[in-house]
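Working through the structure, step by step
Listed here are the chains, written in short residue letters.
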Amino acid sequence: DTGVSQDPRHKITKRGQNVTFRCDPISEHNRLYWYRQTLGQGPEFLTYFQNEAQLEKSRLLSDRFSAERPKGSFSTLEIQRTEQGDSAMYLCASSSGPWNTEAFFGQGTRLTVV
Amino acid sequence: AQSVTQLDSQVPVFEEAPVELRCNYSSSVSVYLFWYVQYPNQGLQLLLKYLSGSTLVKGINGFEAEFNKSQTSFHLRKPSVHISDTAEYFCAVSEEASGSRLTFGEGTQLTVNP
C-alpha cells in the first residue's frame, strides 16, 4: 500500500500529557499537510511542509503544537500539555508539488483528552 | 482569504433519487475547487476537482460538479444515489497561485434511505 499512513489511529491521553503523532506520506511527495477536524466540522489547516521546510503555520497552531519533517520524509506532530479542547481527528495529507494540487489524505489519528 | 459555505448540513434522500449538494465559495483570487467524501472514522477521498477548462467535471462513483464563476458555486450532483453513498461530503478550495492549503466547508451529511 502506497497511501498516506498515520500512526496511531487512536490515542487517549490525560490532560497535561504530551502526545506525538506520525505521518508517512506517499513516497516522493514533497508536500505534506496537517489538518485538524473536530466533530461535525470540516478539516482546518494547521501547517504544511515542502520537503523539510515548514512553509506555513495556521494561527490554530499554538505554542503547544510543534511539527517536524526531518529529511523531508515522514512528519511528526507533537502536542504538549494537552487540553480537552485538543480532542479531535488529526489528518495528514501529501501531494506531489505545487502544480499538482490533489492532496491524498491518511485515515487520521483520533485524539481524546480526558 | 478564501471561505467555503455548504448550504445544507444534512441531506436525506431515497435510494435511486437524484441529489445535489450545494457549495458556494468566496475568494479574491482564482481558486481550484474540490469535493471530498469521508466515510465514518476514515480520511478524506477525492471525488472530483476543477482546475481549469470545462466547467462540468466528472468524478468517481458517478458524481459530477459544475463550476459557476459568476455565482461562485461548485454544486455536486448525482443522478441516482445508492445506499453506499451515505457519507459526509466536503467542498474545498485552494488558491490557484500557491496550490497549497485547502479551505474546507463544514460538510454535508448525505443519508440515502431505502
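Summary of the structure given here. (Residues numbered from 1 in each chain as written. Chains lettered and ligands numbered in written order. Predicted model: local features only at pLDDT ≥ 70, side-chain atom pairs only at ≥ 80, totals over all residues. Heavy atoms only, no water.)

The next subject is the overall build of chain A. The helix and strand inventory of chain A stands at 0 helices and 11 strands. Its C-alpha radius of gyration of 13 Å places chain A within 12% of the 13 Å reference for a compact globule of 114 residues. If you line up chain A on its principal axes, its C-alpha atoms span 40 × 25 × 25 Å. Residues classed as buried in chain A amount to 48% of the 114 residues present. (Helix = DSSP H or I, 4+ residues; strand = E, 2+ residues; numbered from the N terminus. Rg over C-alpha atoms; globule rule 2.2 N^0.38 Å. Buried < 20%, exposed > 50% of the residue type's maximum accessible area, 1.4 Å probe, protein only.)

Here we come to the side chain of Asp8 of chain B. Locating Asp8 of chain B in the fold gives a position in the loop between β1 (3–6) and β2 (10–14). The contact partners of Asp8 of chain B, leaving out residues within four places of it in the chain, are Arg22, Gly107 and Thr108 of chain B. (Contact = heavy atoms within 4.5 Å.)

Here we take up unusual backbone geometry. With omega at -5°, the peptide bond leading from Asp7 of chain A into Pro8 of chain A counts as cis. By the element assignment, Pro8 of chain A lies in the loop between β1 (5–7) and β2 (10–13). For Asn61 of chain B, which is not glycine, the phi dihedral falls at a positive 60°. For Asn61 of chain B, the position within the fold is in the loop between β7 (56–58) and β8 (64–68). Phi at Thr72 of chain B takes a positive value of approximately 45°, unusual for a residue other than glycine. As for its position among the elements, Thr72 of chain B is in the loop between β8 and β9 (73–78). With relative accessibility at 28%, the residue Thr72 of chain B sits in the partly exposed group.

Time to look at the pattern of salt bridges. Under the definition given, this model contains 9 salt bridges over all chains. Glu83 of chain A is paired through a salt bridge with Arg64 of chain A; the nearest N and O atoms lie 3.4 Å apart. With Glu83 of chain A in the loop between β8 (75–79) and β9 (88–95) and Arg64 of chain A in the loop between β6 (53–57) and β7 (65–68), this residue pair connects regions lying 19 residues apart in the sequence. Exposure remark for Glu83 of chain A: the relative accessible area of 40% places this residue in the partly exposed category. Judged by its relative accessible area of 11%, Arg64 of chain A is buried. Its salt-bridge partner being Glu64 of chain B, residue Lys58 of chain B comes within 2.8 Å of it at the nearest N-O pair. We classify Lys58 of chain B as exposed; its relative accessible area is 62%. Under the relative-accessibility criterion, Glu64 of chain B is labelled partly exposed at 22%. Each of Arg64, Glu83 and Asp86 of chain A takes part in one network of salt bridges that share partners. (Salt bridge = Lys/Arg side-chain N within 4 Å of Asp/Glu carboxyl O.)

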